[in-house]
Structure formats: C-alpha cells, structure tokens
Amino acid sequence: MKKDLISILDLTKEEILEIFKLARKVKGEVKTGKYRDCFNQKTLAMIFEKPSLRTRVSFEAGFTQLGGHAIYLGPKDISLGSRESVPDIARNLDRMVDIIMARVFAHKSVEELAKYSKIPVINGLSDKEHPCQVLADYLTIEEHKGRTSGIKFTFVGAGNNMSHSLMLISTMLGADFYMACAKGYEPDNEYVEKSKEMAKRNNSKVVITYDPVEAVKDADVVYTDVWASMGEEAEKEERAKAFKDYQVNMKLFKNAKSDAIFMHCLPAHRGEEVTDDVIDSSNSVVFDEAENRLHAQKAVMLKLLGVNE
Ligand code: CP
Ligand code: NVA
C-alpha cells in the first residue's frame, strides 16, 4: 500500500478487494472484540474545513473502537493555510500523532499534507474526490448484489467529488459506469479519461449522457448526490434549475431493474435530487452505506498503519 489514501487511484484493484475482505472481517468481529486494542496508544488527527456528520463520527468512533484516540480539529481550531501553512501543519502533526484524516476545500491541501508529513494521510473529502465514501459504497454493493463487477452503476447528478471517485472505483472494479448530468455540469475531463483507460483494462465502460432515462435504464445501482456541494452554496438556485429534470423520483427510478438499489452518500436534500418515496423505499440502502463508512475506514486505517491483522 502507498503511505496515503488521497485518491482511489492510490489503491490497486487488489488492494481495494483486500480492504473489503478486512472490512468484512472487522465488521463481523465487532462483538468478539478481536480488534479492540489494535490502535492502543495511537492518535488520529482529524482536520475539518467543512461540516460533517458521517465522516467525523465514523472516523472518531472507529478509531476509538480499535483502542486509539481521535482529536477533532475544526475550521476555527487550525485555520488550514491561513493561520499556518499546510506544510508546517503537516510537519507539526507528524511529530505528535500517528495518522491524519483531512476534509478540505482544495484537493491540493490534502495532497500537500501527505507530501509534507511522514505519517499516513487520508482524504476525508476534497473538492475533487471522496475515496472513503466510495470504498464504503462498493462494500455495500457487494453485500447487496454479491458482486462488484459486471453491474450497471448509474450516477445521476453533477460532476463533483462523488462522481469522480465513483467513476474511478467502478471502472477499476469492472462495473459499467453511466452518468447523467445537466449540460455545463460534466465531471472533470481528467477523471473521465482516467476512468476510460481503466474501463478498457477491466472490461467495463464509461457513458456520460444528458439523458437520465437512458442512464438509469436497466441499472443495478442508481446513485445520486446533492446538486450543490459544500462550497458551492452560492450556485444553489442556478443548479436547482439546471437539474430540475434530473431528480431521482419513482418515475425515473422505475427505469432501473426491479431489484436495483438506490444509493446516496448523504446528506440528502429530500425533494431536490431525490424524493422521499425513493430514499425511503425498500430498494434504498443509504443507511447501510453510512454504517459501512465505519467498517471500510477501520480496514483502511489498519492497512495504512501496518497493524498485523
Ligand atoms: N457522506 C459524508 O461524507 O457525510 P458527511 O459530510 O456528513 O461526513
Ligand atoms: N458532493 C457532496 C458530498 C457530501 C458528502 C459535497 O461535497 O458536499
């Protein structure tokens, strides 16, 4: 494994599958307490430039459950890059703690933290990627579908951090990645190109369309995310207009296979990108995804810290 998890591209396909294997083991053995002391005397620093429910709680609870201690450093605590430079923060923290998780605005900030610290750094969401979320998502897909390759995975929404990480992991694992977005809100070209390269290698494909029905047709998984991400709040109204025909409601969802699952990284803006009848339906697995953040990240941290499993 590389020292850090900044992008899904930091992992090989084999490493992703190993993370799932360990996550399943850790999840199954919560009650036996087998992993209870793995992080004894270890400390995790959690840097947050943005709000969070799942990321903060799953990292903090997860690290505690493995015997360690986590420190929350909110926006006002360290003012990443303004009170002190990112490289200096990295070079201070690696003298004191064992591992860093950071949620940042600019992807470059988490890359710099990794570059300047000697300890592992995990991306807890940046403007470009959200690798921990998609590991939990594909762990969830494996649980519900029994496989992660040979499926049609559809993302309906804006080109953003989630769509980038989802297209990378889907094509790496051999799933067909379809995406429907409004004109002008396409994913970054570098991610599309990279995913197409991986799709070629792994016998899958990448299809980006403006037609949500085409994208959702016969899908095994339908995924959506907020139209305006954290940091894009000023564009909320303009995006709501652009995406009005991209709401995942029952009419659109019904185009998917009858046993399709509905996924969302959460938080959901109910009545905007998804309707209550879809997110609350028996096809929805959104809270399994949330729980799997805990298990997938424990596995990632055990691997990054080289703890003997
Ligand atoms: N899905 C996710 O990362 O949730 P939070 O923003 O609440 O951490
Ligand atoms: N795209 C969303 C994901 C939240 C987990 C955001 O960045 O706000």
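Just so you know, these numbers come straight off a predicted model, no measurement behind them.

**Section: the packing of aromatic side chains**
- Applying the stated criterion across every chain, the model contains 10 aromatic pairs.
- An angle of 35° between the planes, with centres 5.4 Å apart, marks the rings of Phe48 and Tyr72 as tilted. Here Phe48 is found in strand E1 (residues 43-48), whereas its partner Tyr72 is found in strand E2 (residues 69-73), with 24 residues between them in sequence.
- We classify Tyr72 as partly exposed; its relative accessible area is 32%.
- Centroid distance Phe153 to Phe177: 5.9 Å. Interplanar angle 15°. Geometry classified as stacked. Pair noted here: Phe153 is in strand E5 (residues 152-156) and Phe177 is in strand E6 (residues 176-180), with a separation of 24 residues, a long-range link.

**Here's the deal with the site of ligand 2**
- Residues in close proximity to ligand 2 include Leu125, His130, Asn160, Asn161, Asp225, Val226, Ser229, Met230 and Leu266, which together make up its full environment.
- Between ligand 2 and the protein, one listed contact pairs an oxygen atom with a side-chain N or O atom of Asn161 at 2.9 Å.
- Contact between ligand 2 and Asp225: a nitrogen atom at 2.6 Å from a side-chain N or O atom of the residue.
- Expressed as a share of its isolated accessible area of 270 Å², the protein-covered part of ligand 2 is 95%.
- Here the residues of the shell around ligand 2 are counted per class, giving 4 nonpolar, 4 polar and 1 charged.

**Considerations on the UniProt feature "binding site: carbamoyl phosphate" (unreviewed entry) in the protein**
- The positions UniProt marks with the feature "binding site: carbamoyl phosphate" (unreviewed entry) are Arg103, His130, Pro131, Cys132, Gln133, Cys265, Leu266 and Arg293. Here, the largest pocket is lined by Arg103, His130, Gln133, Cys265, Leu266 and Arg293 out of the annotated residues.
- Among the structural elements, Pro131 can be located in helix H6 (residues 131-145).
- Apart from the residues within four sequence positions on either side, Pro131 is in contact with Leu5, Ile6, Ser7, Ile8, Asn123 and Ser165.
- Here Cys265 is to be found in the loop between strand E9 (261-264) and helix H12 (276-279).
- If we skip the residues at most four places from it in the chain, Cys265 touches Arg54, Gln133, Met162, Tyr223, Thr224, Asp225 and Glu289.

**Examining the pattern of salt bridges**
- Under the criterion given, the structure shown has 20 salt bridges.
- A salt bridge links Lys128 to Asp188; the nearest nitrogen and oxygen atoms lie 2.6 Å apart. With a gap of 60 residues between them, Lys128 in the loop between strand E4 (121-123) and H6 and Asp188 in the loop between E6 and helix H8 (189-201) connect regions that are remote in the sequence.
- On the basis of relative accessible area, Lys128 is assigned to the partly exposed category, the value being 25%.
- What makes Asp188 partly exposed here is its relative accessible area of 25%.

**Looking at the site of ligand 1**
- The full set of residues close to ligand 1 is Ser52, Leu53, Arg54, Thr55, Arg103, His130, Gln133, Cys265, Leu266 and Arg293.
- Taking Thr55, its side chain carries an N or O atom lying 2.7 Å from an oxygen atom of ligand 1.
- Here Arg293 contributes a side-chain N or O atom positioned 3.1 Å from an oxygen atom of ligand 1.
- Contact with the protein chains hides 96% of the accessible area of ligand 1, taken as 260 Å² for the molecule alone.
- For the shell around ligand 1, the per-class residue count stands at 3 nonpolar, 4 polar and 3 charged.

Calculation rules
Residues numbered from 1 in each chain as written. Chains lettered and ligands numbered in written order. Predicted model: local features only at pLDDT ≥ 70, side-chain atom pairs only at ≥ 80, totals over all residues. Heavy atoms only, no water. Phe/Tyr/Trp six-rings, centres within 6.5 Å; stacked < 30°, edge-to-face > 60°. Helix = DSSP H or I, 4+ residues; strand = E, 2+ residues; numbered from the N terminus. Buried < 20%, exposed > 50% of the residue type's maximum accessible area, 1.4 Å probe, protein only. Near = heavy atom within 4 Å. Polar contact = N/O pair within 3.5 Å; in protein donor to acceptor, adjacent residues only side chain to side chain. Areas by Shrake-Rupley, 256 points an atom, 1.4 Å probe, with all protein chains shown as cover. Nonpolar A, V, L, I, M, F, W, Y, C, P; charged D, E, K, R; others polar. UniProt positions renumbered as here; feature names shortened; annotations may be inferred. 1 Å grid on protein atoms, 1.4 Å probe; cavity = no way out; pocket = protein on both sides within 12 Å on 5 of 7 lines; lining within 4 Å. Contact = heavy atoms within 4.5 Å. Salt bridge = Lys/Arg side-chain N within 4 Å of Asp/Glu carboxyl O.

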